[in-house]
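# Structure assessment
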Amino acid sequence: MPISDKPHSRYMPGLDGLRALALIGVMGYHWNFGFAGGGFLGVSLFFVLSGYLITDILASQWHHQRRIDLKDFWIRRFRRLLPAMLLMLFILVVWVTLFDRSRLLTLRGEVLGAVTYISNWQFIYQQQSYFESFGPPSPLGHFWSLAVEEQFYLLWPLIMLAGLKLFPRRGQLFSFIAAGAAASALVMALIYQPGEDPSRVYYGTDTRAFGLLIGAGLAIVWPSWKLSLQVSTAVRRRLNLTGAAALLIILFMMWKVDRYDPFLYRGGMFLFSMAAAVLVAVLAHPAASISRLLSWKPLLWVGVRSYGIYLWHYPVMILTSPASGSGDLSLPQVVLQITASVILAALSWKYVEEPIRHGGLKKLWLKVRSVRRRPASISLRGWIVSLSSLILIGIFCTGMMSSVSDARTVGDIAAMLNIENPVLEEPEPSQTEEPSPDVPPQGQQRNPVGTSGNITPPADVSSMQPEATREPSSGDDTKKDSLPDTEAVPGNNDSIVNEDSGNALPAGDGTASHQTNKVDGSSETTDSGNNDKTGKEIKSENPPQSKDSSGGSAGGKDPNHAKPVNKDPQARPSSKSTITAIGDSVMLGVSPYLEKSLPGIHIDAVIGRQMRQADDLVPALKAQNRIDGGIIIIGLGTNGAFSKKDLDSLLRPLDSAKQIVLVNTRVPRDWEQNVNDMLAKAAAENPKVTLVDWYSASKDHPEYFRSDSVHLEPEGAAAYTSMLLQSIKK
């Protein structure tokens with residue numbers, strides 16, 4: 001059993017068991033285990049534990065010595081935390097340099113942020129490109145919590161020292177700390193905006209400090225060195241009942257709470273931290289028998305190594321998962337990832353962390369000095385270790401300093417969709433900037449990701465259509481209307497030709513090919529056949545011709561769901577209503593298909609668009625008489641979650657439309673279910689809203705998607721278009 005190496009302190013095994021519980025929650029959340037929907041709250045458990053233990057050490061030192069040895073405290077912290085972290089970062093950079101160089105460009109900055117413990121603020125303020133949002137997640141994405149804790153370790157001893165001198169009475173000091181915790185929770189509640197990305201309040205030191213301060217306040221009123229084993233039976237019973245209730249609250253919230261629930265940021269996380277503090281108080285008491293529950297040996301083993309396992313599990317998961325994310329892993333693959341994380345952490349604990357904590361560096365230095373004083377005879381093992389270390393150091397330096405020409409940038413999204421001059425939902429770069437190194441020279445068109453050249457439309461796309469409601473053929477070939485060929489473009493007999501690639505591109509009629517450049521409600525547009533640099537020229541190969549097939553929503557009895565029937569999926573609706581489509585890059589990728597199938601459609605699709613930005617488009621659409629009696633297609637949610645308020649603010653002014661079509665999303669990110677649930681609820685509540693269940697229809701169809709598992713291949717674009725056509729009311 002581990003023993004405490006700190007003066008005037010005792011080992012509290014229940015707290016190590018609680019560490020293991022917090023770690024299991026976090027790992028379960030990262031691997032999308034159903035029992036850990038709120039497993040991210042395990043980080044809040046870590047914060048409360050750290051606040052309690054660190055403040056308990058400082059308060060004990062002050063009580064017994066009337067001083068705080070800052071130098072000793074910081075040396076102990078660095079000796080405990082830095083070796084394992086530096087080893088992990090070193091191996092991570094070596095691995096990425098050898099096997100995944102496309103990550104190096106962003107990884108370098110993140111490594112520097114990790115070493116300086118500013119990762120949380122780096123994640124908040126760094127400008128993330130659209131592709132980075134959907135490219136592979138950072139293997140250092142979990143370092144934000146370590147940064148918050150280390151910032152606390154650096155600043156809190158100084159604040160405690162000042163507080164102990166200013167507030168000599170324990171009650172006064174506790175009130176001072178409690179006020180700080182309340183202020184931090186209030187800042188979180190005030191900054192949080194429902195429907196917006198909660199990263200600012202989730203990562204911020206100021207908005208997460210309340211967890212650490214709640215633990216610190218507990219250490220002031222419940223110091224471990226004052227807790228006695230000699231208590232009455234009634235006190236034991238109360239301790240156990242209180243601890244059991246707190247544990248149940250913690251487990252329930254880690255099971256049920258959703259990351260995007262406004263309650264979480266408006267008091268929910270604060271209440272969770274309070275429950276965690278109650279449980280910590282009970283487990284710290286030597287008379288509480290409930291601590292035996294969390295002192296099970298396997299839990300203790302994990303808890304003691306929880307720091308190392310936390311360090312390793314995330315990069316192991318990210319670097320060994322497919323581009324679509326850990327959600328597509330099989331159970332054996334997940335087990336292998338977890339096993340690898342635990343083994344790496346165990347090796348780090350045994351050969352790096354523990355030796356250094358107990359003076360290993362000093363012993364190593366003395367050994368090196370003794371070797372220098374006498375002729376050295378290096379064994380074969382020594383030679384192998386030395387040469388291997390030098391090679392790894394060289395690879396590390398190469399990865400941190402060499403240029404990276406194959407790093408992926410935002411231009412790849414435009415290349416995947418065959419778009420020139422892509423417009424993003426973010427400030428445009430200065431015209432003085434140099435072009436991205438992976439943007440092709442002017443006049444050349446980059447091949448879309450996942451293709452080896454021009455896209456050749458398949459002759460038969462019946463297999464591409466969603467199969468949820470497909471019916472057997474009657475035996476005779478069903479009559480079919482194929483899509484117009486390259487030269488016969490609806491609304492225009494001409495076609496735009498890319499002279500460099502020789503591909504004929506659909507122009508559509510004037511309305512269908514106009515794309516809005518802004519999200520501020522202005523009506524500035526440009527024809528897609530125009531080379532105006534302020535516009536978005538859609539360049540796509542011919543959509544595939546279609547045979548009889550059906551697409552549709554998988555399952556469900558909701559009449560508002562679009563359910564394809566067994567007829568020509570590309571048959572054009574007979575509705576005379578104006579049709580408008582609002583979307584993001586997914587909609588942008590299927591625009592040529594929609595333009596061919598729906599002459600006159602107006603498509604406003606922009607890379608990176610969020611739901612909350614779409615209502616700015618409504619005034620311009622009203623001015624163009626495209627809402628009253630019209631059909632509005634909305635394909636948003638790829639880029640993040642939104643609130644009911646955001647969705648209602650978009651749907652409310654569209655009430656005069658004949659039909660509103662909402663397309664749900666398939667995106668390998670944690671907001672996917674939140675987005676789809678919100679859209680389904682809106683369809684159930686509003687009779688004018690039809691839900692196109694793209695999520696269900698695209699299940700088990702990896703051939704529909706590009707390498708990012710979000711944007712569509714021609715097969716997917718054809719299926720997506722088929723579902724939209726069949727959802728439109730005649």
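Structure: see above.
Fair warning: this is a prediction, and the values are worked out from it, not measured in the lab. (Residues numbered from 1 in each chain as written. Predicted model: local features only at pLDDT ≥ 70, side-chain atom pairs only at ≥ 80, totals over all residues. Heavy atoms only, no water.)

On to the overall build of the chain, then. The secondary structure content of the chain amounts to 25 helices and eleven strands. Across the 730 residues that make up the chain, the buried fraction comes to 52%. Partitioning the contacts of the chain with sequence separation of at least 6, the portion at a separation of at least 24 is 78%. Of the roughly 33500 Å² that the chain leaves accessible, carbon and sulfur atoms contribute 58%. (Helix = DSSP H or I, 4+ residues; strand = E, 2+ residues; numbered from the N terminus. Buried < 20%, exposed > 50% of the residue type's maximum accessible area, 1.4 Å probe, protein only. Contact = heavy atoms within 4.5 Å. Areas by Shrake-Rupley, 256 points an atom, 1.4 Å probe, with all protein chains shown as cover.)

Here the focus is the pattern of salt bridges. This model, assessed by the stated rule, comprises nine salt bridges. In this structure, Asp648 and Lys644 form a salt bridge, with 2.8 Å as the shortest nitrogen-oxygen distance. Residue Asp648 and its partner Lys644 are both found in helix H22 (residues 644-651); the two are separated by four residues, about one turn of the helix. Since its relative accessible area comes to 37%, Lys644 is described here as partly exposed. (Salt bridge = Lys/Arg side-chain N within 4 Å of Asp/Glu carboxyl O.)

All right, on to the packing of aromatic side chains then. Inspection of every chain in the model, using the stated rule, returns 21 aromatic pairs. Judged by centre distance (6.1 Å) and plane angle (85°), the rings of Phe252 and Trp255 are edge-to-face. Of this pair, Phe252 and Trp255 both sit in helix H11 (residues 233-256), three residues apart, roughly one helical turn. Chaining the aromatic ring pairs together yields one cluster made of Tyr29, Phe40, Phe47, Phe123, Trp144, Tyr202 and Tyr203. The ring of Tyr153 carries Arg77 above its face, with NZ or CZ at 5.4 Å from the centroid. Geometry around Trp255 places Lys256 over its ring, the cationic atom sitting 4.5 Å from the centre. (Phe/Tyr/Trp six-rings, centres within 6.5 Å; stacked < 30°, edge-to-face > 60°. Lys NZ or Arg CZ within 6 Å of the ring centre and 35° of its normal.)

Non-glycine residue Arg66 carries a positive phi angle of around 55°. By secondary structure assignment, the location of Arg66 is in the loop between helix H2 (42-65) and helix H3 (70-99). Despite not being glycine, Tyr117 has its phi angle at roughly 55°, a positive value. Within the secondary structure layout, Tyr117 lies in the loop between helix H4 (104-115) and helix H5 (119-125).

We now examine the environment of Glu149. You can see Glu149 is positioned in helix H7 (residues 143-166). Contacts of Glu149, omitting those with residues within four sequence positions, involve Phe46, Phe47 and Ser50. A polar atom in the side chain of Glu149 sits 2.7 Å from the side chain of Tyr153. (Polar contact = N/O pair within 3.5 Å; in protein donor to acceptor, adjacent residues only side chain to side chain.)

Moving on to the nonpolar core. Ranked by size, the top nonpolar core spans 109 residues in total, and within it Leu18, Leu41, Leu140, Phe143, Trp156 and Leu311 carry the most contacts. Per element, the largest residue contribution to this core is 13 residues, and it comes from helix H12 (residues 262-284). Those residues in contact with Leu18, other than ones at most four positions away along the chain, are Leu45, Leu49, Leu279, Val280, Leu283 and Leu294. Ranked by size, the runner-up nonpolar core spans 60 residues in total, among them Ile632, Val663, Val692 and Leu725. (Core = buried A, V, L, I, M, F, W, Y, C linked by side-chain atoms within 4.5 Å.)

Next up on the list: the pairing of strand S11 (residues 689-692). Working note: regular strand, side chains alternate between the two faces of the sheet. Of the two faces of S11, the one lined by Val689 and Leu691 and the one lined by Thr690 and Val692 are each fully buried. Each parallel crossover has a hand, and for strand S10 (residues 659-663) linked through helix H23 (residues 672-685) to S11 it is right-handed. (Right-handed = clockwise from strand over helix to strand, strands pointing away.)

Taken together, the side chains of Phe78, Leu154, Leu155, Ile159 and Phe176 present a nonpolar region at the surface, about 410 Å² in accessible area. Per element, the largest residue contribution to the nonpolar patch is three residues, and it comes from H7. Among the structural elements, Leu154 can be located in helix H7. (Patch = residues over 30% accessible without salt bridge, like charges linked within 9 Å, V, L, I, M, F, W, Y side chains within 5 Å.)

This part takes up the side chain of Asp708. Summarising the element assignment, Asp708 is placed in the loop between helix H24 (694-697) and helix H25 (714-727). For Asp708, which is buried and forms no salt bridge, the nearest opposite charge comes from Arg706, at a distance of 7.0 Å. Looking at Asp708, its side chain comes within polar contact range of the side chain of His711, at 2.5 Å. (Lys, Arg positive; Asp, Glu negative; His and termini not counted.)

So, about the sheet that holds strand S7 (residues 579-583). Taking strand neighbours across the sheet as the criterion, the five strands line up as S8-S7-S9-S10-S11 in an open arrangement whose pairing is parallel. This sheet does not close on itself; its edge strands, each paired only once, are strand S8 (602-605) and S11. In this sheet, neighbouring strand axes are inclined to one another by 15° on average, regardless of whether the strands run parallel or antiparallel. Pairing of strand S9 (residues 631-635) with S10 involves four bridges; the strand directions are parallel. (Pairing = 2+ DSSP bridges. Axes fitted to C-alpha atoms, helices over the stretch in contact; angles between N-to-C directions.)

We now examine helix H14 (residues 306-319). In a regular helix each residue adds 1.5 Å, so 14 residues correspond to 20 Å; H14 covers 20 Å between its end C-alpha atoms and thus fits that length. Along H14, 14 of the 14 residues are buried, which leaves the element largely enclosed by surrounding structure. (Expected span 1.5 Å × (residues − 1).)

Two numbers describe how helix H1 (residues 13-30) lies on H12: the axes approach to 8 Å, and their chain directions differ by 145°. Crossing hand, H1 versus H12: right-handed. For the pair formed by H1 and H12, the contact residues are Gly14, Leu15 and Leu18 on the first element and Leu279, Val280, Leu283 and Ala284 on the second. Classifying every residue of the contact of H1 with H12 by side-chain character gives six nonpolar, one polar and no charged. (Left-handed = near helix turned anticlockwise from the far one by under 90°. Nonpolar A, V, L, I, M, F, W, Y, C, P; charged D, E, K, R; others polar.)

From the geometry alone we can't say anything about function, so treat these as descriptive.
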